[in-house]
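If you want the building blocks of each chain, they are given just below.
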Amino acid sequence: LAKTTQPISMDSYEGQEVNITCSHNNIATNDYITWYQQFPSQGPRFIIQGYKTKVTNEVASLFIPADRKSSTLSLPRVSLSDTAVYYCLVGDKGGNNRKLIWGLGTSLAVNP
Amino acid sequence: DSGVTQTPKHLITATGQRVTLRCSPRSGDLSVYWYQQSLDQGLQFLIQYYNGEERAKGNILERFSAQQFPDLHSELNLSSLELGDSALYFCASSRDPTSGRDIAKNIQYFGAGTRLSVL
């Protein structure tokens with residue numbers, strides 16, 4: 001069964017770049033790695049996804065090494081409104097019963 | 001607003017009871033996912049339906065069941081409730097432009113959740 005590991009919490013200051021790494025082994029060979037953001041009392045919201053190398057959109061970048069055993073979400077110049085929990089999501093590798101494996105989430109606190 | 005509607009927002013019930021949570025997906029989305037989120041266990045994937053059929057199964061208890069109807073709305077039934085079932089239950093939907101096995105690829109849109117309290 002695939003397993004993911006993320007830091008439980010991180011602290012940062014406004015304007016800094018924040019990098020959150022998720023380690024994941026035994027993930028599905030052809031599936032994507034996806035990251036979500038969750039604010040209190042709301043459902044998670046999609047941020048970014050990728051298969052390998054680097055992907056960038058208007059809010060974040062995602063770095064995935066060739067072995068795909070980890071991925072790093074990069075948030076450039078964070079603001080107070082980026083305070084949230086960030087989850088990585090992968091697909092499990094084995095069998096016919098596919099499972100979605102979510103990390104436990106990284107609680108990011110952005111300070112003034 | 002994600003376009004995914006969950007009802008009710010809050011539910012308070014007693015141990016041993018049965019409840020039904022309802023989810024209406026975004027217009028055009030064929031997949032529905034159910035999740036349980038509690039403080040000590042994070043976001044737990046329960047089950048996914050695609051166009052009425054079960055597609056992927058997570059750590060769903062035998063006391064829980066779900067189905068997706070022809071109009072694509074879904075219901076999660078929780079029976080013989082225990083105190084430990086108290087949690088936030090989320091539904092999500094996705095369009096699934098690709099078929100098959102790449103389930104993490106499909107971008108999910110989440111509802112606001114149903115908060116279940118079992119007393």
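These figures come from a predicted structure and were not determined experimentally. (Residues numbered from 1 in each chain as written. Chains lettered and ligands numbered in written order. Predicted model: local features only at pLDDT ≥ 70, side-chain atom pairs only at ≥ 80, totals over all residues. Heavy atoms only, no water.)

Student: Whenever I open this one, the overall build of chain B confuses me. Can you help?
Tutor: Helix and strand content of chain B: zero helices and eleven strands. Of the regular secondary structure in chain B, the N- to C-terminal order runs β-β-β-β-β-β-β-β-β-β-β. Taken over C-alpha atoms, the radius of gyration comes to 14 Å for chain B, in line with the 14 Å a tight globule of 119 residues would show. Principal-axis analysis of the C-alpha atoms gives chain B an extent of 40 × 25 × 25 Å. In chain B, which comprises 119 residues, the share counted as buried stands at 51%. Long-range contacts, defined as pairs at least 24 residues apart, comprise 58% of the intrachain contacts of chain B with a sequence gap of at least 6. Within the structure as shown, chain B displays about 5,600 Å² of accessible surface, and the carbon and sulfur contribution to it stands at 48%. Positive and negative charge centroids in chain B, built from 11 and 12 side chains respectively, lie 4 Å apart. (Helix = DSSP H or I, 4+ residues; strand = E, 2+ residues; numbered from the N terminus. Rg over C-alpha atoms; globule rule 2.2 N^0.38 Å. Buried < 20%, exposed > 50% of the residue type's maximum accessible area, 1.4 Å probe, protein only. Contact = heavy atoms within 4.5 Å. Areas by Shrake-Rupley, 256 points an atom, 1.4 Å probe, with all protein chains shown as cover. Lys, Arg positive; Asp, Glu negative; His and termini not counted. Charge placed at Lys NZ, Arg CZ, Asp CG, Glu CD.)

Student: Help me understand the overall build of chain A in this model?
Tutor: Helices and strands together make up the secondary structure of chain A, namely zero helices and eleven strands. Along its sequence from the N terminus, chain A presents helices and strands in the succession β-β-β-β-β-β-β-β-β-β-β. Relative to a compact globule of 112 residues, whose C-alpha radius of gyration would be 13 Å, chain A shows 14 Å and is just as compact. Out of the 112 residues belonging to chain A, those deemed buried represent 48%. When the accessible surface of chain A is summed, it comes to about 5,500 Å², and 50% of that surface belongs to carbon and sulfur atoms.

Student: I'm lost on the sheet that holds strand β6 (residues 53–56) of chain A in this one. Help?
Tutor: Neighbouring strands of a sheet are bound in pairs by backbone hydrogen bonds; such pairs are parallel or else antiparallel. Residue and element names in this part refer to chain A. Ordered by their spatial adjacency, five strands build an open sheet running β1-β3-β8-β7-β6, and the pairing between neighbours is antiparallel. Whereas interior strands pair on both sides, the edge strands pair on one side only; in this sheet they are β1 (3–5) and β6. Each strand axis lies, on average, 20° off the axis of its neighbour in the sheet, ignoring direction. Note: strand β7 (residues 61–64) against strand β8 (residues 70–75), three bridges, orientation antiparallel. For Leu62, the partnering residue across the bridge sits in β8 and is Leu73. (Pairing = 2+ DSSP bridges. Axes fitted to C-alpha atoms, helices over the stretch in contact; angles between N-to-C directions.)

Student: It is not clear to me how the environment of Phe90 of chain B should be interpreted in this structure. Could you clarify?
Tutor: Residues and elements named next belong to chain B. Within the secondary structure, Phe90 sits in strand β9 (residues 87–94). We classify Phe90 as buried; its relative accessible area is 0%. Along the sequence, Phe90 and Pro8 sit 82 residues apart, while their C-alpha atoms lie 11 Å from each other.

Student: When you look at the nonpolar core in this model, what are you seeing that I'm missing?
Tutor: Generally speaking, nonpolar side chains in soluble globular proteins are found buried as a group. Core analysis: the biggest nonpolar cluster contains 22 residues, and Trp35, Ile48, Leu73, Leu75 and Tyr86 of chain A have the highest contact counts within it. Those elements giving two or more residues to this core turn out to be β3 (18–25), β4 (33–38), β5 (45–50), β7, β8, β9 (84–91) and β11 (106–111) of chain A. When near neighbours in sequence (up to four residues on either side) are disregarded, Ile48 of chain A contacts Ile33, Thr34, Trp35, Val55, Thr56, Asn57, Ala60, Ser61, Leu62 and Leu73 of chain A. Among the nonpolar cores identified, the runner-up in size contains 21 residues, and Val19, Leu81, Tyr89 and Leu116 of chain B belong to it. (Core = buried A, V, L, I, M, F, W, Y, C linked by side-chain atoms within 4.5 Å.)

Student: So what exactly am I meant to see when it comes to the layout of surface pockets here?
Tutor: Gaps left between atoms are located by rolling a probe of water-molecule size over the structure's atoms. Its boundaries defined by the atoms lining it, the largest pocket holds a volume of some 830 Å³. Residue lining of the largest pocket: 36 residues in total, with Tyr87 of chain A together with Ser38, Gln41, Gly42 and Leu43 of chain B positioned closest to the centre. Contributions of two or more residues to the lining of the largest pocket are made by β1, β9, β10 (100–102) and β11 of chain A together with β4 (31–38), β5 (42–50) and β9 of chain B. Of the residues forming the lining of the largest pocket, the biggest block, four residues, is contributed by β5 of chain B. Partitioned by chemical class, the residues of the lining of the largest pocket number 15 nonpolar, 17 polar and four charged. One number sums up the size of the second largest pocket: a volume of about 370 Å³. When contributions to the lining of the second largest pocket are tallied by element, the ones reaching two or more residues are β5 of chain A together with β1 (5–7) and β10 (109–110) of chain B. The residue makeup of the lining of the second largest pocket, split by class, is seven nonpolar, nine polar and three charged. (1 Å grid on protein atoms, 1.4 Å probe; cavity = no way out; pocket = protein on both sides within 12 Å on 5 of 7 lines; lining within 4 Å. Points joined across faces, edges and corners; volume = space filled by probe spheres on them. Nonpolar A, V, L, I, M, F, W, Y, C, P; charged D, E, K, R; others polar.)

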